[in-house]
2 protein chains.
Amino acid sequence: MTIINKFRERDIISLITGLLEPESKTGSVCRPVVGPGNDDCAVINVGGSGLLVATTDMLHRKADFPSGMTPYQMGWMSIAVNLSDIAAMGARPVGIMTALGLPPGLEVDLVKELVTGMSACARRYGTQIIGGDVDRHDELTIVGSALGMVDAGQLAMRKGAKPGDMVCVTGELGTAGAALEALQQGREVDPEVLEKFYMPVPRIVEGMALAGSGCLTSMMDISDGLALSLHDLAAASGVGFHIRASDIPVHRSVRDMATIGDIVVDDKVVGDMVVDDKVVEDMVVDDKVFEWSLYTGGDFELLFTLNTDCLENAGKVARFTVIGEVTASGITIEREGHIEDVEPRGFQQFGDKV
Amino acid sequence: MTIINKFRERDIISLITGLLEPESKTGSVCRPVVGPGNDDCAVINVGGSGLLVATTDMLHRKADFPSGMTPYQMGWMSIAVNLSDIAAMGARPVGIMTALGLPPGLEVDLVKELVTGMSACARRYGTQIIGGDVDRHDELTIVGSALGMVDAGQLAMRKGAKPGDMVCVTGELGTAGAALEALQQGREVDPEVLEKFYMPVPRIVEGMALAGSGCLTSMMDISDGLALSLHDLAAASGVGFHIRASDIPVHRSVRDMATIGDIVVDDKVVGDMVVDDKVVEDMVVDDKVFEWSLYTGGDFELLFTLNTDCLENAGKVARFTVIGEVTASGITIEREGHIEDVEPRGFQQFGDKV
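Rules of the game
- Residues numbered from 1 in each chain as written.
- Chains lettered and ligands numbered in written order.
- Predicted model: local features only at pLDDT ≥ 70, side-chain atom pairs only at ≥ 80, totals over all residues.
- Helix = DSSP H or I, 4+ residues; strand = E, 2+ residues; numbered from the N terminus.
- Rg over C-alpha atoms; globule rule 2.2 N^0.38 Å.
- Contact = placed C-beta atoms within 7 Å.
- Nonpolar A, V, L, I, M, F, W, Y, C, P; charged D, E, K, R; others polar.
- Least-squares fit on C-alpha atoms with pLDDT ≥ 70 in both.
- Pairing = 2+ DSSP bridges.
- Axes fitted to C-alpha atoms, helices over the stretch in contact; angles between N-to-C directions.
- Domains from an automatic or database assignment.

(A) Local environment of the overall build of chain A. Helices and strands together make up the secondary structure of chain A, namely eleven helices and 15 strands. Taken over C-alpha atoms, the radius of gyration comes to 21 Å for chain A, in line with the 20 Å a tight globule of 354 residues would show. Principal axes of the C-alpha set define a box for chain A whose edges measure 65 × 55 × 50 Å. Residue pairs at least 24 apart in sequence account for 83% of intrachain contacts in chain A once pairs closer than 6 positions are excluded.

Shown next as structure tokens:
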């Protein structure tokens, strides 16, 4: 008997998509343009000039809502994670459905706050809750399904990056990792970092602007962490990446949060050198920030590639940071003069016992 | 503290939809034409001549999958319940997303069978699984989200029935109630009845044909039972119904299943009459069949109303049964010469302690 937890999340998705009908090659009306497991959203040609994009995400209390989150924030997050996938296609959200699994003993006021948070997030990004389902469930479970529309010529996909393109991200990374570790250790979290973690900003505005700029060659969201996303984008586009760690944008409080932690320095001998406490502490802090910004999920930013001759145009429509270049193969990161491989790890739902 | 289980399912839905933005009056492009809680699907004008319809349904092992169901049948059912909502709008399905909550100890082969059943149901009705999500969950949970397209002129809605119209249903009712009771009592179930219960047939073909006939005035599916659906349709259309119990189509095995049960006759005095065993047994059987076909959920058939001058046209495109008429108000049923009110009860997820 082989159990699900022997597989990693991406292997389970491959196993499932392998059982489904292959995607349509033609993109004819009402046939999927993008098949399951291949992008942030499914894409359907519904006739007319627009394409429909659709995505679904399941969240539940134990895994996805750290203690301390208000019901309003849970509602906001459950919508934001779906809108982040819509943003990754360069699409405009047109509606969200939500299926709620509610424990029968749940307080009604909690449900009201939850729905108010959902509705607020949807409205903030120009859309609304258009339908849903309620179900009795042991654990609070929220499944959002978001729909968006995009002009066929502006659809952003994971496929399309080519060697020489610039690799870019919106916003700042590492906040989710820093917040989660601080919460787990019972330490105080910078309120701005905590809000970014609990109420992520789906990059709808940036996604649409970048898609409309004509400069994009590929895009996805980095909800499972930058490292896993680089691997996904590389696989979809058939390219490699070279990233500069020093160029990854990090929130100013994230470095402070790494220093506040209970750092235990076991050994002051690094390589052949004996170094003083301050140097060792700096190295530990660097390691933490590196881990949070590269290998930790929860930062709902966009990762995308741009034509090199298009930087100025793209910069006029959205704020972002160039963090590296597209290469022919390999996924590497330069860090303090050394080059290392980016490991394919990040947030995974399964695979504890691989 | 008021808990969710003090409310009935429809009250929870009203509570939630009351917190959301009112539906758009204009039906302009990419604004919902039908708001949350008002029909079997949300409806969005996505430009062009077609309307997008969308629905989501959450199922989970304990409540929705009776023991004895195979994973393939669970997969089939989880897609069929969503397609039934698409059918109720007269729409053609164009894609289904599925979010799977999987216990980490679940066997991989079970997941494969489940997905194969999902895919088979989707393909049987001309569509496919276009995307989804996997999540780690204590209880097997399946959330389907189905999308469909319908020409604006052929959209079927709950609103539109008018006094004098005929009330009709597809297929046969009572099978789910009969099967569930037999399973609960450990009795044998007619294989045909069991298959109809485990692998419901979404009435996609009939829904599209009826919508295209130009004869429909309103339509919905009766997944929560005929009685609750009559109340929903009456509320949406601002009308009443008069139904004839003897005209409700019942599967030939359902009556047999009612007689097979352990019927305990407590009292042979009915009214002022003393009656013999056979008569009392017949009455108990009638009561069971009546309860199963009117007040039990799980029969995924369509309930709809037709213009009276259109019966012949509609009969050419789909098989159905006329069970009553639309009236100005009140929801009544005629049964063996007596007329009684149809109670607003059926399948409800919540409200045990009302």
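Text resumes after the structure shown.
(B) The arrangement of the environment of Cys310(B) in detail. Examined against the element boundaries, Cys310(B) turns out to sit in the loop between strand E12 (302-306) and helix H11 (311-317). Considered as a pair, Cys310(B) and Gly214(B) are 96 residues apart in the sequence and their alpha carbons are 8.4 Å apart.

(C) Seen up close, the interface of chain A and chain B. Facing the 66 residues of chain A at the interface are 66 residues of chain B. Those elements that place two or more of their residues in the side of chain A that touches chain B are helix H1 (9-18), strand E2 (42-45), strand E3 (50-60), strand E4 (92-102), helix H4 (108-124), strand E5 (129-136) and strand E6 (141-151) of chain A. A per-class count over the side of chain A that touches chain B returns 35 nonpolar, 20 polar and eleven charged.

(D) Layout of the relation of the copies chain A and chain B. Least-squares fitting of chain A to chain B yields an RMSD of 0.0 Å, with the superposition described by an axial translation of 0.0 Å and a rotation of 180 degrees. Each copy turns onto its partner about a two-fold axis. Rotation axis and chain A: the residue whose C-alpha lies nearest the axis is Gly48(A), separated from it by 2.6 Å. In this assembly the copies share their binding face: 100% of the residues contributing to the interface of chain A also contribute to that of chain B.

(E) Spatial organisation of the sheet that holds strand E8 (residues 216-221) of chain A. All names here are of chain A. Pairing within the open sheet is mixed, and its seven strands lie in the order E8-E12-E7-E13-E9-E14-E15. Each having just a single partner strand, E8 and strand E15 (338-341) make up the two edges of the open sheet. Mean inter-strand twist for the sheet, computed between neighbouring axes without regard to direction, equals 25 degrees. Pairing geometry for strand E9 (residues 240-244) and strand E13 (residues 321-327), over four bridges, is antiparallel. Bridge pairing in E13 links His242 to Glu325. Most of the contacts of helix H3 (residues 71-88) go to E8, to which it runs at about 170 degrees, and overall it touches E8 and strand E12 (302-306). Running over the sheet, helix H8 (residues 226-237) touches E8, E9, E12 and strand E14 (331-335) and is turned about 140 degrees from E8.

(F) Here's a closer look at the domain arrangement of chain A. Residue and element names in this part refer to chain A. Domains assigned within chain A are domain 1 (4-153) and domain 2 (156-341). Placing a centre on the C-alpha atoms of domain 1 and another on those of domain 2 gives a separation of 24 Å. Facing the 23 residues of domain 1 at the interface are 21 residues of domain 2. At the level of elements, H3 and E4 are the ones that each hand at least two residues to the side of domain 1 that touches domain 2. By residue number, the principal contributor to the side of domain 1 that touches domain 2 is H3, which donates eleven residues. By residue class, the composition of the side of domain 1 that touches domain 2 is 15 nonpolar, four polar and four charged.

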